[in-house]
Amino acid sequence: MRKPALLLLLVCLLFTGCKKEGIELLTQEVSAGTTYNFYDVCFVNDSIGYACGGSKYEVGIFTKTTDGGQTWATADSVVSKCLYTSYFFNVQEGFTMGYDSWKLYTSDSAKTFTASVGNYSPVNAVAFTNRQYGVRVTGDGYSSGSIQSTSDGGNTWAETLLLNNITDVQYADSNTAYVSGFGVIY
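Residues numbered from 1 in each chain as written. Predicted model: local features only at pLDDT ≥ 70, side-chain atom pairs only at ≥ 80, totals over all residues. Heavy atoms only, no water.

Draft legend 1. A look at the packing of aromatic side chains. This structure, assessed with the given rule, holds 14 aromatic pairs. Judged by centre distance (5.5 Å) and plane angle (85°), the rings of Tyr57 and Tyr99 are edge-to-face. Taken together, the residues Tyr57 in the loop between β2 (49–55) and β3 (59–65) and Tyr99 in the loop between β6 (94–98) and β7 (102–106) connect sequence positions 42 residues apart. According to the relative accessible area criterion, Tyr57 is exposed, its value standing at 54%. For Tyr99, a relative accessible area of 8% corresponds to the buried category. One aromatic cluster is present, formed by Tyr87, Phe89, Phe95, Tyr105, Phe128 and Trp157 through successive ring pairs. A cation sits over an aromatic face here: Arg136 above Trp157, 4.3 Å from the ring centre. (Phe/Tyr/Trp six-rings, centres within 6.5 Å; stacked < 30°, edge-to-face > 60°. Helix = DSSP H or I, 4+ residues; strand = E, 2+ residues; numbered from the N terminus. Buried < 20%, exposed > 50% of the residue type's maximum accessible area, 1.4 Å probe, protein only. Lys NZ or Arg CZ within 6 Å of the ring centre and 35° of its normal.)

It is worth stressing that arrangement in space is one thing and function is another; only the former is reported here.
So this is what it looks like as C-alpha cells:
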C-alpha cells in the first residue's frame, strides 16, 4: 500500500516541482538581398556587424550592417568559394575565411579585401586573443582537419594536422583556446 502512495507522490513532484519560466525569443527576419546561405555573423560594436557565406564551390558573399542588424547592405560576391567565418579587430580591420583556405583581409571596413588562398582545406572558424595571436581551424568531411596558429597577425600560420574535421574555436582566456569538431574537443 505504501508503494502506490510513494509512486503518486513522485509523479506529482515530477510534474509540479520542476516548473520553469519559459523564455520567449523575439525574432525578425531581415533581408540581405541574397538567397545564398550565411555561415557567420560578427559584430564589433552595437551597430557595426559583418556576415559571410555563399555556396561551397561557386561564390563567397559578404555583407555589412551599420544599424545593429536592422538592415544589411546587399551581399556582394567577394571570392569564388564560400566564406565560413569572420573575425574583426575593430570597425576597420579584420579577416574573413572559407573554402579552399581563402583568407581575405580588410583594413577599410570591408570596402576592399586583399585575398590569398592557402592549402585548400576549408577554414571553418577563426579567433584571436589580440592583433597578433590567433587560431583558425580547418577540415572537410569527417576524417581530417587541422589547428593553425599565428603569432604575426595572420601573415603566416603554423599547422597541426589532426584526424578529425575541426569546426569551431573559442578562447577561454588569452592563453587557452578550445577547438571542437567531429567527436573531439582539444
